[in-house]
Amino acid sequence: MKVVVTGGCGFIGSNFVRLALETRPAWRVINYDLLTYAGNPENLADVAGAAGDRYRFVRGDVADKEAVQKLFEAEQPDAIVNFAAESHVDRSIKDPVRFVRTNTVGTQVLLTLARELGVKRFLQVSTDEVYGSLGPTGKFTEQTPLAPNSPYAASKAAADLLCRAARHTFGQDVVVTRCSNNYGPYQFPEKLIPLMLSNAMSDQPLPVYGDGQHVRDWLHVRDHCEAVALVLERGVAGEVYNIGGNNEWKNLDLVRLLLKLLGKPESLIRFVPDRPGHDRRYAIDCGKIERELGWRPRHTFEAGLSETIAWYQTHRGWWERIKSGEYRKYYAEQYATIAK
Ligand code: NAD
Ligand code: DAU
């Protein structure tokens, strides 16, 4: 099977390419990635060479119709897994247009060309953020109405609706996955866990938004990737599959745990102004993928977090290089109240 993976140089995409090359010997993977600030070929440097003909990298934009057409005509893929996205909520608040272009227009470009050029299956990697925010109880199911709150979430929800329309109007073989917060190796240090780990390791302040009582459900990235592979292989066309960790944490409790595991003091915590429109709680019911496809997360949070901390400790050069570049300008603006 020839699989085009878009966004394969980002956090989850690179973990997915690695999993595919390690566990799916019959797949050839074509990684199509624009290499934005979040895309890093270093994430796959070790596997890329070793995979030989089973792996190819092509630099390009999912919203560039001509470039995608050229790729599909040359490779004639059997399937597309669309990870490519602008993925950070805070950046979407500053520059929403870029999010609509990549996340929404890019998805439609891929859907249209997949149909026109006979690509059999299309998997859209979506997010639980399309469902909006929960109160203290309840969980998102696949039937929960879409109610996105940030420009990021709205651009992803629009893409989900375009996938639905592609199925309804053209009978395209489309499946959608909606996952909760991922953690693990190669996550860009703008996201909560790698930001807090890298700041704490450098004895820098840890910026907690608002009162720190917002809740997220955390899943190891490798468990997410295994779920995506299963849905690609066995998911029913037209269906949506929620993916989650049954692992809810208040941000402040999680930050305190990270500090404890690193042996760093809680005095590093700084409360900073809240994210505008900040969703209070996400929790996902992933009973459908468990029942229908037999998926289960393999990593406990305890083991997954220890392994992740060890990775950031042994890959200091990886995140220090990122944090010394364009990132410094972003950080100074985003965290003006604490950034030096
Ligand atoms: P990321 O920001 O780490 O990586 C995104 C990748 O997409 C980068 O390699 C980037 O270069 C590439 N990209 C961006 N714009 C592109 C374009 N126009 N054309 C081609 N490539 C482009 O993101 P991530 O955290 O790995 O998220 C991957 C996907 O998973 C996204 O679709 C996101 O919405 C979804 N998701 C993420 C999480 C999470 O916790 N991070 C949870 C659920 C779903
Ligand atoms: O739920 C899935 C989503 O998870 C994905 O679709 C997104 O791509 C991904 O970025 C993530 O979105 P969040 O906004 O939940 O993740 P983030 O790591 O940015 O923030 C997690 C929580 O931590 C959130 O409540 C905001 C808070 N936070 C975040 C940052 C960066 C802070 O308190 N301080 C911070 O500096």
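First, a word on scope: everything that follows refers to the structure included in this document. All values derive from a computational prediction rather than experimental measurement.

### Some details on unusual backbone geometry
Turning to step 1, where the next piece is worked out: Even without being glycine, tyrosine 186 reaches a positive phi, approximately 70 degrees.
Turning to step 2, where the next piece is worked out: As for its position among the elements, tyrosine 186 is in the loop between strand 7 (181–183) and helix 7 (192–201).
Turning to step 3, where the next piece is worked out: A positive phi angle is found at asparagine 246, which is not glycine, with a value near 50 degrees.

### Quick notes on the nonpolar core
Turning to step 1, where the next piece is worked out: Counting 36 residues, the largest nonpolar core has Phe16, Val81, Leu123, Ile289 and Trp295 as its most contacted members.
Turning to step 2, where the next piece is worked out: Going through the elements one at a time, strand 1 (2–6), helix 1 (11–23), strand 4 (79–82), strand 5 (121–127), strand 6 (173–179), helix 8 (221–234), strand 10 (240–243) and helix 10 (287–293) are the ones with two or more residues in this core.
Turning to step 3, where the next piece is worked out: Looking at this core element by element, the count peaks at 8 residues for helix 8.
Turning to step 4, where the next piece is worked out: The contact partners of phenylalanine 16, leaving out residues within four places of it in the chain, are Val5, Trp27, Val81, Phe83, Cys225, Val228 and Ala229.
Turning to step 5, where the next piece is worked out: Of all hydrophobic cores here, the second largest spans 35 residues; its members include Phe188, Ala200, Val208 and Val255.

### Describing the sheet that holds strand 7
Turning to step 1, where the next piece is worked out: Across the sheet, which stays open at both edges, the 3 strands sit in the order 7-9-11 with mixed pairing between neighbours. Two strands in the sheet have a free side with no partner beyond their single neighbour: strand 7 and strand 11 (248–250). Neighbour to neighbour, the strand axes of the sheet diverge by 50 degrees on average, direction disregarded.
Turning to step 2, where the next piece is worked out: Bridge count for strand 7 against strand 9 (residues 215–220) is 3 bridges, and the pairing is parallel.

### Some thoughts on helix 12 (residues 316–323)
Turning to step 1, where the next piece is worked out: Burial in helix 12 covers these residues: Trp318, Trp319, Ile322 and Lys323. End-on view of helix 12: buried residues confined to an arc of 120 degrees, all on one side of the axis.
Turning to step 2, where the next piece is worked out: Buried-residue contacts for helix 12 involve helix 7, helix 11 (301–314) and helix 13 (327–334).

### A closer look at the site of ligand 1
Turning to step 1, where the next piece is worked out: Inspection of the region around ligand 1 gives 28 residues, with Ile12, Asp33, Ser87, Tyr152 and Lys156 positioned closest.
Turning to step 2, where the next piece is worked out: Aspartate 61 places a side-chain nitrogen or oxygen 2.8 Å from a nitrogen atom of ligand 1.
Turning to step 3, where the next piece is worked out: Within the contact set of ligand 1, an oxygen atom lies 3.0 Å away from a backbone nitrogen or oxygen of phenylalanine 83.
Turning to step 4, where the next piece is worked out: Contact with the protein chains hides 96% of the accessible area of ligand 1, taken as 840 Å² for the molecule alone.
Turning to step 5, where the next piece is worked out: When residues in the shell around ligand 1 are grouped by element, the largest group, 3 residues, is from strand 5.
Turning to step 6, where the next piece is worked out: Classifying every residue of the shell around ligand 1 by side-chain character gives 13 nonpolar, 12 polar and 3 charged.

### Overview of the site of ligand 2
Turning to step 1, where the next piece is worked out: Within the structure, ligand 2 sits among 26 residues, and Asp128, Tyr152, Arg275, His278 and Tyr335 are positioned closest to it.
Turning to step 2, where the next piece is worked out: Backbone polar atom of tyrosine 209 to an oxygen atom of ligand 2: 2.9 Å apart, as the coordinates give it.
Turning to step 3, where the next piece is worked out: With the chains in place, 95% of the 690 Å² that ligand 2 exposes on its own is no longer accessible.
Turning to step 4, where the next piece is worked out: Among the secondary structure elements, those contributing two or more residues to the shell around ligand 2 are helix 4 (89–94), helix 7 and strand 8 (206–209).
Turning to step 5, where the next piece is worked out: Residues that form the shell around ligand 2 fall into these classes: 11 nonpolar, 8 polar and 7 charged.

### Digging into the sheet that holds strand 1
Turning to step 1, where the next piece is worked out: With parallel pairing, the 7 strands of this open sheet are ordered in space as 3-2-1-4-5-6-10. The sheet is open, and its two edges are formed by strand 3 (55–59) and strand 10, each paired on a single side. Within the sheet, the average angular offset between the axes of one strand and its neighbour, ignoring direction, is 20 degrees.
Turning to step 2, where the next piece is worked out: Relative to strand 6, strand 5 is paired through 7 bridges, and the arrangement is parallel. Counted as the bridge partner of threonine 127 is cysteine 179 from strand 6.
Turning to step 3, where the next piece is worked out: Sheet strands in contact with helix 1 are strand 1, strand 2 (28–33), strand 3 and strand 4, and its direction is about 170 degrees off that of strand 2.
Turning to step 4, where the next piece is worked out: Contacting strand 1, strand 4, strand 5, strand 6 and strand 10, helix 8 crosses the sheet at an angle of about 145 degrees to strand 5.

The rules we used
- Residues numbered from 1 in each chain as written.
- Chains lettered and ligands numbered in written order.
- Predicted model: local features only at pLDDT ≥ 70, side-chain atom pairs only at ≥ 80, totals over all residues.
- Heavy atoms only, no water.
- Helix = DSSP H or I, 4+ residues; strand = E, 2+ residues; numbered from the N terminus.
- Core = buried A, V, L, I, M, F, W, Y, C linked by side-chain atoms within 4.5 Å.
- Buried < 20%, exposed > 50% of the residue type's maximum accessible area, 1.4 Å probe, protein only.
- Contact = heavy atoms within 4.5 Å.
- Pairing = 2+ DSSP bridges.
- Axes fitted to C-alpha atoms, helices over the stretch in contact; angles between N-to-C directions.
- Arc of directions from axis to C-beta.
- Near = heavy atom within 4 Å.
- Polar contact = N/O pair within 3.5 Å; in protein donor to acceptor, adjacent residues only side chain to side chain.
- Areas by Shrake-Rupley, 256 points an atom, 1.4 Å probe, with all protein chains shown as cover.
- Nonpolar A, V, L, I, M, F, W, Y, C, P; charged D, E, K, R; others polar.

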